[in-house]
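Chain by chain, the residues:
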Amino acid sequence: KTTLAEALPSLYDAPVIHMDDFFLPPELRSEERRRSANIHYERFAAEVLAPLSAGVPFDYRLFSCRLGRYDGTAHVEPSPLTVVEGTYSCHPLMGRDYDLRIFVETGRTEQELRIRLRNGEDGWLRFRDEWIPLENQYFAQHQIRAHADLVIRT
């Protein structure tokens with residue numbers, strides 16, 4: 001997902017907004033919330049979707065998963081194309097606002113290899129035991145793949 005999203009700005013002069021910047025802060029986490037989506041979609045709607053729809057420049061806060069808190073801001077200028085990247089980017093509360101929804105999938109072996117290279121063995125174990133089951137539950141619950149306009153298999 002990220003590799004594709006990072007290639008688009010050079011082709012289309014498009015800003016990229018990463019859903020990781022909207023990771024759910026600790027004070028809002030609950031089991032019910034994590035099962036639905038582990039992102040702060042209310043903040044995403046207010047800080048990104050509203051100004052994006054209005055076609056005005058905007059800033060949004062960046063959440064650092066490593067620090068567990070907000071850490072800086074990003075500025076976005078209006079553009080004919082804006083890319084929103086991340087597992088939870090097509091949550092039903094916001095995915096309807098997009099002109100094109102792309103679902104990127106990969107096989108389990110390749111997924112494991114990529115995560116191990118990016119996050120190491122401990123990172124892989126956490127993804128395997130925590131994040132991947134949550135993501136799969138989210139995909140199934142909201143039928144994310146079925147609602148995509150385009151599916152890319154890597």
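Everything that follows concerns the structure shown earlier in this document.
Note that this is a predicted model, so its numbers are computed, not measured. (Residues numbered from 1 in each chain as written. Predicted model: local features only at pLDDT ≥ 70, side-chain atom pairs only at ≥ 80, totals over all residues. Heavy atoms only, no water.)

Engineer: Lay out the overall build of the protein in plain terms, naming residues and giving numbers.
Structural biologist: Counting its secondary structure elements, the protein contains four helices and six strands. Along the chain direction, N to C, the helices and strands of the protein fall in the order α-β-α-α-β-β-β-β-α-β. Taken against the 2.2 N^0.38 rule, which gives 15 Å for 154 residues, the C-alpha radius of gyration of the protein at 15 Å falls within 12% of a compact globule. In the protein, which comprises 154 residues, the share counted as buried stands at 39%. (Helix = DSSP H or I, 4+ residues; strand = E, 2+ residues; numbered from the N terminus. Rg over C-alpha atoms; globule rule 2.2 N^0.38 Å. Buried < 20%, exposed > 50% of the residue type's maximum accessible area, 1.4 Å probe, protein only.)

Engineer: Now, about the nonpolar core: what can you tell me, with residues and values included?
Structural biologist: Ranked by size, the top nonpolar core spans 30 residues in total, and within it Ile-17, Phe-44, Tyr-60 and Met-94 carry the most contacts. Those elements that place two or more of their residues in this core are α3 (41–54), β2 (58–64), β3 (69–76) and α4 (108–142). Element by element, the count of residues in this core is highest for α4, at seven residues. With near-sequence residues (within four places) excluded, Phe-44 lies in contact with Ile-17, Met-19, Phe-22, Leu-49, Val-84, Met-94 and Tyr-98. Among the nonpolar cores identified, the runner-up in size contains five residues, and Ala-5, Ala-14, Val-16 and Val-83 belong to it. (Core = buried A, V, L, I, M, F, W, Y, C linked by side-chain atoms within 4.5 Å. Contact = heavy atoms within 4.5 Å.)

Engineer: Describe α4, listing the residues and the values that go with them.
Structural biologist: Between its first and last C-alpha atoms α4 spans 21 Å; for 35 residues at 1.5 Å apiece the expected length is 51 Å, and the helix comes up short by more than 12%. Within α4, the full set of buried residues consists of Ile-115, Gly-123, Trp-124, Phe-127, Trp-131, Ile-132, Leu-134, Glu-135, Tyr-138 and His-142. After α4 finishes, the residue Gln-143 shows a positive phi value of roughly 50°. (Expected span 1.5 Å × (residues − 1).)

Engineer: Residue-level account of a nonpolar patch on the surface, with values.
Structural biologist: There is a patch of nonpolar side chains on the surface, built from Leu-4, Leu-100, Ile-102 and Leu-150 and spanning about 310 Å² of accessible area. Tracing the chain through its elements places Leu-100 in the loop between β4 (83–85) and β5 (102–105). Leu-100 gets classed as exposed once you look at its relative accessible area, which sits at 51%. (Patch = residues over 30% accessible without salt bridge, like charges linked within 9 Å, V, L, I, M, F, W, Y side chains within 5 Å. Areas by Shrake-Rupley, 256 points an atom, 1.4 Å probe, with all protein chains shown as cover. Salt bridge = Lys/Arg side-chain N within 4 Å of Asp/Glu carboxyl O.)

Engineer: Would you mind going over the packing of aromatic side chains in detail, with residue names and values included?
Structural biologist: For the structure shown, the criterion picks out nine aromatic pairs. Here the aromatic cluster, defined as three or more aromatic residues joined through ring pairs, consists of Phe-22, Phe-44, Phe-58 and Tyr-60. Across from the ring centre of Tyr-70, 4.5 Å away, lies the NZ or CZ of Arg-61, which sits over that ring. (Phe/Tyr/Trp six-rings, centres within 6.5 Å; stacked < 30°, edge-to-face > 60°. Lys NZ or Arg CZ within 6 Å of the ring centre and 35° of its normal.)

Engineer: Quick one: what's the story with the environment of Glu-110, residue by residue and with numbers?
Structural biologist: One can find Glu-110 in helix α4. Judged by its relative accessible area of 31%, Glu-110 is partly exposed.

Engineer: Explain unusual backbone geometry residue by residue, including any values.
Structural biologist: Unusually for a residue other than glycine, Asp-13 sits at a positive phi of about 50°. Tracing the backbone through its elements, the reader meets Asp-13 in the loop between α1 (2–12) and β1 (16–18). Asp-13 sits in the exposed class, given a relative accessible area of 64%. Positioned with a positive phi, Gln-143 is a non-glycine residue whose angle comes to about 50°. Here Gln-143 lies in the loop between α4 and β6 (150–153). For Gln-143, a relative accessible area of 47% puts it in the partly exposed group.

Engineer: For the pattern of salt bridges, give the residues involved together with the corresponding values.
Structural biologist: A full pass over the atoms with the stated rule returns eleven salt bridges. A salt bridge links Asp-71 to Arg-69; the shortest N-O distance between them is 3.9 Å. Judged by relative accessible area, which is 40%, Asp-71 ranks as partly exposed. We classify Arg-69 as partly exposed; its relative accessible area is 44%. Close ionic contact of Arg-101 with Asp-149 constitutes a salt bridge, the shortest N to O distance being 3.6 Å. One end of the pair, Arg-101, is in the loop between β4 and β5; the other, Asp-149, is in the loop between α4 and β6, and 48 residues separate them in sequence. A cluster of three or more residues bridged by salt bridges with shared partners is formed by Arg-43, Glu-47 and Arg-61.

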